[in-house]
Amino acid sequence: SSRTVSLLSQLEKINLDSVLGEADNARYVTSKILHLVQSQEKTRKEMTSKGSTGIEVILSTLEVKPFNLCSYGYIASFHFITGLCGGRRASVLVTKGGTQILLQLLLTASKDSPPNEELMVLLHTLLAKIGPKDKKIAMKARINGALNISLNLVKQNLQNHKLILPCLQVLRVYSTNSVNAVSLGKNGVVELMFKIIGPFTKKNTSLMKVALDTLAALLKSKSNARRAVDRGYVQVLLTIYVDWHRHDSRHRYMLIRKGVLQCIKSVTNIKLGRKAFIDANGMKILYNTSQECLAVRTLDPLVNTSSLIMRKCFPKNRLPLPTIKSAFHFQLPVIPASGPVAQLYNLPPDVDDVVDESDDNDDVETESELETENDDDKDQHFKNDDIETDINKLKPRQELGRPIEELKMYEQFFPELSENFQEYDLVSKEPKPFVPDANLSRPIVVPTAGEE
């Protein structure tokens, strides 16, 4: 009955027919649908309402028909449907299988030389919007072979900020998957991110923010973190953070500064990263910058993240501490002349004798383990090993200062602790059995008003 239903019917008919001039008809119908979607909120609601087949018709057209210029109109329609509304309509597109079809279109469009820039921007913008709604988009991209398309576009268009911004947004979604992070790291994505985030500049801050978020997700992979440490990028991150701290006097770019700290936090998850952080004087840098941020309440996230990094990277020492590093000194009652304890205390003060197994486990690159890891990250409650949960161990042990034989001399002063206070029969000298008083079991009657 409406104009939208009529246009969708025409588009569905074009899908079924195979006649000359169908491309022109598809472009005409697509332009009309795009005009309605852009201009009328009613059309957007109608196409995504329950029971509507508008999304299915456009998706089937993209899937059945050869890839041509009319596809730009279809994707533009999706863009306005999902961009000018909340997340529910994007979820509708995901449930209809739109992610798979868009990835296929991306793969097909990348084969053109050169690829259509406007189409690539629109495809990546749409994938970035529906990506958080599809939990398996990273796996689908890897299976379809679309994983490196966005990466290659960024490599070839570093100066085209209009194109690489949506590409980085898609890479940020892909990097949440550990297998994808390892694969992208092998193809040089870590080095590429550092080309984008440095040197310091206040131009294109939105691009800087997305690049830092992507880099922080990539550095959660231990192989990528080791790659960053080997190339000296820990010092680069600290330098970038200091530059932003000095130039951001009005605190307008707090999110960028926090993004740099998140990258440092990710790279210091491994022992090599913590060592590189200490060697680059990171403890002093974060401590001094945190002191300057304490006066501004809005910068509390920076102070909290810096504190977490410093606590994690501070060298672990054995107890009791025999060196001047500690403000407290503990003296063991007996220190053996030989053995493992004596060997520990004979080590130089700078030697780290604490076992650190954070670098022992390599990245997991299997599909099954990856899916369970992503599902567990949301509901995982990290257990603190320092908290004792055994009630018996938490009870204090009361030890007597004297032997029991010496304490018996005080029994006469505290007879209630040793004597048995039972009622005895004076004739038989036997304890009487306990009989409860019958009066105690009677119900208590409360008089009402007027009764005595």
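Within an unreviewed UniProt entry, the label attached to the protein reads CBPC1 carboxypeptidase, and the organism entered is Cepphus grylle.

S.K.: Sorry if this is basic, but what is going on with unusual backbone geometry here?
M.R.: The phi torsion of most residues other than glycine is negative, and most of the peptide bonds are trans. Positive phi, normally seen in glycine, also occurs at Asn204, with a value near 55°. Secondary-structure assignment places Asn204 in the loop between α13 (189-197) and α14 (205-218).

S.K.: Would you mind going over the pattern of salt bridges with me for this structure?
M.R.: Note that side chains of opposite charge can pair when their charged atoms are close. Evaluation of the coordinates by the stated rule reveals seven salt bridges. Across the pair Arg172 and Asp213 runs a salt bridge whose closest N-O atoms are separated by 3.4 Å. Taken together, the residues Arg172 in helix α11 (residues 161-174) and Asp213 in helix α14 connect sequence positions 41 residues apart. We classify Arg172 as partly exposed; its relative accessible area is 30%. The exposure class of Asp213 is partly exposed, given its relative accessible area of 21%. Lys275 is the salt-bridge partner of Asp279, the closest N and O atoms lying 3.1 Å from each other.

S.K.: What exactly am I supposed to notice about the packing of aromatic side chains here?
M.R.: Taken as a whole and judged by the stated rule, the model has two aromatic pairs. Summarising the aromatic geometry, the rings of Phe194 and Tyr233 are spaced 3.9 Å apart at their centres and angled 15° between planes, so their arrangement reads as stacked. Taken together, the positions of Phe194 in helix α13 and Tyr233 in helix α16 (residues 233-247) put the pair 39 residues apart, joining distant regions of the chain. Taking the relative accessible area as the measure of exposure, Phe194 reaches 8% and is therefore buried.

S.K.: Teacher, can you tell me more about a nonpolar patch on the surface here?
M.R.: Side chains of Leu400, Ile404, Leu407, Met409, Tyr410, Phe413, Phe414 and Leu417 sit close together on the surface and give an oily, nonpolar patch of about 870 Å² of accessible area. In this structure, Ile404 sits in helix α24 (residues 404-407).

S.K.: For this particular structure, what's the right way to read the packing of helix α10 (residues 147-156) against helix α12 (residues 178-186)?
M.R.: Helices that pack against each other are described as a pair by the angle of their axes relative to one another and the distance between those axes. Packing of α10 against α12 brings their axes to within 11 Å, and their N-to-C directions diverge by 40°. Classified by the angle their axes make, α10 and α12 are oblique. The two elements α10 and α12 cross, and the hand of that crossing is right-handed. When α10 is examined against α12, the residues Leu147, Asn148 and Leu151 are found in contact with a partner set consisting of Asn180, Ser183 and Leu184.

S.K.: Sorry, what's going on with helix α20 (residues 300-313) here?
M.R.: Two residues of an α-helix separated by three or four positions point the same way, owing to the 3.6 residues in each turn. Compared with an ideal rise of 1.5 Å per residue, which puts 14 residues at 20 Å, α20 spans 20 Å between its outermost C-alpha atoms and is within 8% of the ideal. Contact partners of the buried residues in α20: α16, α17 (254-267), α18 (271-279) and α19 (282-293).

S.K.: Sorry if this is basic, but what is going on with the nonpolar core here?
M.R.: The tendency in soluble globular proteins is for nonpolar side chains to be buried as a group. In terms of nonpolar packing, the biggest core is built from 102 residues, with Leu127, Leu168, Ile197 and Leu215 touching the most fellow members. Counting residues per element, this core draws most heavily on helix α8 (residues 117-130), which supplies nine residues. Setting aside residues no more than four positions away along its own chain, Leu168 makes contact with Val154, Met193, Ile196, Leu207, Val210, Ala211 and Thr214.

Reading the values: rules and limits
Residues numbered from 1 in each chain as written. Predicted model: local features only at pLDDT ≥ 70, side-chain atom pairs only at ≥ 80, totals over all residues. Heavy atoms only, no water. Helix = DSSP H or I, 4+ residues; strand = E, 2+ residues; numbered from the N terminus. Salt bridge = Lys/Arg side-chain N within 4 Å of Asp/Glu carboxyl O. Buried < 20%, exposed > 50% of the residue type's maximum accessible area, 1.4 Å probe, protein only. Phe/Tyr/Trp six-rings, centres within 6.5 Å; stacked < 30°, edge-to-face > 60°. Patch = residues over 30% accessible without salt bridge, like charges linked within 9 Å, V, L, I, M, F, W, Y side chains within 5 Å. Areas by Shrake-Rupley, 256 points an atom, 1.4 Å probe, with all protein chains shown as cover. Axes fitted to C-alpha atoms, helices over the stretch in contact; angles between N-to-C directions. Parallel < 35°, antiparallel > 145°, perpendicular 65-115°, else oblique. Left-handed = near helix turned anticlockwise from the far one by under 90°. Contact = heavy atoms within 4.5 Å. Expected span 1.5 Å × (residues − 1). Core = buried A, V, L, I, M, F, W, Y, C linked by side-chain atoms within 4.5 Å.

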